[in-house]
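What follows is the residue order along each chain.
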Amino acid sequence: PEPGKIVIQNGTQTKGLAASAQAQIQSRGFTVTRIENATGDYKKTVIVDYHGRKAYIQQLAAALGVPITAVTTKLEPANAIDALIILGDDFKAP
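Reading the values: rules and limits
- Residues numbered from 1 in each chain as written.
- Predicted model: local features only at pLDDT ≥ 70, side-chain atom pairs only at ≥ 80, totals over all residues.
- Heavy atoms only, no water.
- Helix = DSSP H or I, 4+ residues; strand = E, 2+ residues; numbered from the N terminus.
- Rg over C-alpha atoms; globule rule 2.2 N^0.38 Å.
- Buried < 20%, exposed > 50% of the residue type's maximum accessible area, 1.4 Å probe, protein only.
- Contact = heavy atoms within 4.5 Å.
- Areas by Shrake-Rupley, 256 points an atom, 1.4 Å probe, with all protein chains shown as cover.
- Pairing = 2+ DSSP bridges.
- Axes fitted to C-alpha atoms, helices over the stretch in contact; angles between N-to-C directions.
- Polar contact = N/O pair within 3.5 Å; in protein donor to acceptor, adjacent residues only side chain to side chain.
- Right-handed = clockwise from strand over helix to strand, strands pointing away.

Time to look at the overall build of the protein chain. Along the protein chain, the regular secondary structure elements total 2 helices and 5 strands. In the protein chain, the succession of α and β elements from N to C terminus is β-α-β-β-α-β-β. For 94 residues, the compact-globule estimate of 2.2 N^0.38 gives 12 Å, and the C-alpha radius of gyration of the protein chain, at 12 Å, lies within 12% of that figure. Dimensions of the protein chain, computed from the C-alpha atoms along their principal axes, are close to 30 × 25 × 25 Å. Classification of the 94 residues of the protein chain by burial places 41% in the buried group. Restricting to contacts in the protein chain with at least 6 residues of sequence separation, those with at least 24 account for 83%. Total accessible area on the protein chain stands at roughly 5,200 Å², and carbon and sulfur atoms take up 53% of it.

The next thing to look at is the sheet that holds strand β5 (residues 83-87). Spatially, the 5 strands line up as an open sheet ordered β2-β1-β5-β3-β4, and their pairing is mixed. Unpaired on one side and paired on the other, β2 (31-37) and β4 (71-73) mark the two borders of the sheet. Here the strands of the sheet are splayed against their neighbours by 20° on average, with no regard to which way each runs. Here strand β3 (residues 46-49) pairs with β5 via 4 bridges, running antiparallel. Bridge pairing in β5 links Ile-47 to Ile-85. Sheet strands touched by helix α1 (residues 17-26): β1 (5-10), β2 and β5. Its angle to β1, the strand with the most contacts, is close to 150°.

What follows deals with the side chain of Arg-53. With respect to the element layout, Arg-53 can be found in the loop between β3 and α2 (54-64). In this structure the side chain of Arg-53 is engaged in a polar contact, spanning 2.9 Å, whose partner is the side chain of Glu-2. When near neighbours in sequence (up to four residues on either side) are disregarded, Arg-53 contacts Glu-2, Pro-3, Gly-4 and Asp-82.

Two faces, one strand: in a regular strand the side chains alternate between the faces of the sheet. For β1, the buried fraction is high: 5 of the 6 residues fall into the buried class. When β1 meets β2, the two strands line up parallel, connected through 6 bridges. Bridge pairing links Lys-5 to Thr-31 in β2. Since β1 and β2 lie parallel, the crossover through α1 that links them has a hand, and here it is right-handed. Direction of pairing for β1 relative to β5: parallel, over a ladder of 5 bridges.

Right under this line is the structure:
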């Protein structure tokens, strides 16, 4: 994939899920700048695209095994990160 910065948040009660997702996508060449817990619980995984990088986000969704319907575009050109992944209960770690 092209270079980009990603933040992963764990939106579930499953400990270590963000670290598992980080290992999964880093092994496919993506750069994760940090992992943290989300505020609240998420039933479904969400990918927020801050820069409108469609091909990059499609590759990211495929690497995570998440449907493209999970992607929301929220254009914030000044945002230092390219994508925010919030893991939900539907996310299956490898």
